[in-house]
Amino acid sequence: MLYHTPLPIDDLRSFGIPSPWSYGTADRVRFGEIDALNHVNHTAYLRWFETFRITYFRDYGISNYDANSPRIVLKSIAAEFIKEMVVSQDYIVTGRTTTFRNTSWVMEYGVWTDQGLQATGQSVLVQLDPTSGTKRPLSDAVRQTFIARDQASAA
């Protein structure tokens, strides 16, 4: 399995990840992500979602993280932990935009192992102008990408 690279949809399905999830990246639990109870610490999941978002934003044309790209800020984030995860366990983080507004959008996340869904998450993200810091409308291209790739809808 390739790590930190968008996986083909056939790989997601063969791993047991159902529709509507169509975008995911793989990784492996590291020792430094384990807590005193010998399972993945809750903060690791939030870092995994962040790492996933960077790839997603670049691939979806939201931001290249250069001086002209919009600033993306995290307005809120939540996670639900379903099953414990342990060191050296392979996992796939999936994510998709479910709804969008003029300058913001809602994303859902799933963390999957060969044992099924381990955790879920949700975040609200806002796009800002890189120089003024004011809210910046999503481009039509980004909106269409959300609709075509994630079946997102306008809120």
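Residues numbered from 1 in each chain as written. Predicted model: local features only at pLDDT ≥ 70, side-chain atom pairs only at ≥ 80, totals over all residues. Heavy atoms only, no water.

A large share of strand 4 (residues 104-113) lies buried, amounting to nine of its ten residues. In sequence, strand 3 (residues 90-100) turns back onto strand 4 through a hairpin of three residues. Bridge count between strand 4 and strand 5 (residues 116-128): ten bridges; the pairing is antiparallel. In the sheet register, Trp105 faces strand 5, and the bridge partner there is Leu125. Two successive antiparallel strands, strand 4 and strand 5, enclose a turn made up of two residues. (Buried < 20%, exposed > 50% of the residue type's maximum accessible area, 1.4 Å probe, protein only. Helix = DSSP H or I, 4+ residues; strand = E, 2+ residues; numbered from the N terminus. Pairing = 2+ DSSP bridges.)

Buried within helix 3 (residues 140-150) we find Val142, Arg143, Thr145, Phe146 and Asp150. Along the axis of helix 3, the buried residues cluster in a sector spanning 160°; they form a single face. Exposed residues lying more than 90 degrees from the buried face of helix 3 are Asp140, Ala141 and Ala148. Looking at the buried side of helix 3, the elements it contacts are helix 2 (42-59), strand 3 and strand 4. A positive phi of about 60° marks Gln151, the residue just after helix 3. (Arc of directions from axis to C-beta. Contact = heavy atoms within 4.5 Å.)

Now for the pattern of salt bridges. On inspection of all chains with the given rule, the structure shows five salt bridges. The salt bridge partner of Asp90 is Arg28, with a shortest N-O separation of 2.9 Å. Of this pair, Asp90 sits in strand 3 while Arg28 sits in strand 1 (residues 24-28), placing them 62 residues apart in sequence. Its relative accessible area of 24% is what places Asp90 among the partly exposed residues. With a shortest N-O distance of 3.4 Å, Arg96 and Glu108 are connected by a salt bridge. (Salt bridge = Lys/Arg side-chain N within 4 Å of Asp/Glu carboxyl O.)

The topology assignment puts Asp150 in helix 3. It turns out Asp150 is buried and unbridged, and the closest side chain with the opposite charge, Arg149, is 5.8 Å from it. Ignoring sequence-local partners within four residues, the contact set of Asp150 consists of Ser22, Tyr56, Tyr60, Arg96, Thr97 and Thr145. (Lys, Arg positive; Asp, Glu negative; His and termini not counted.)

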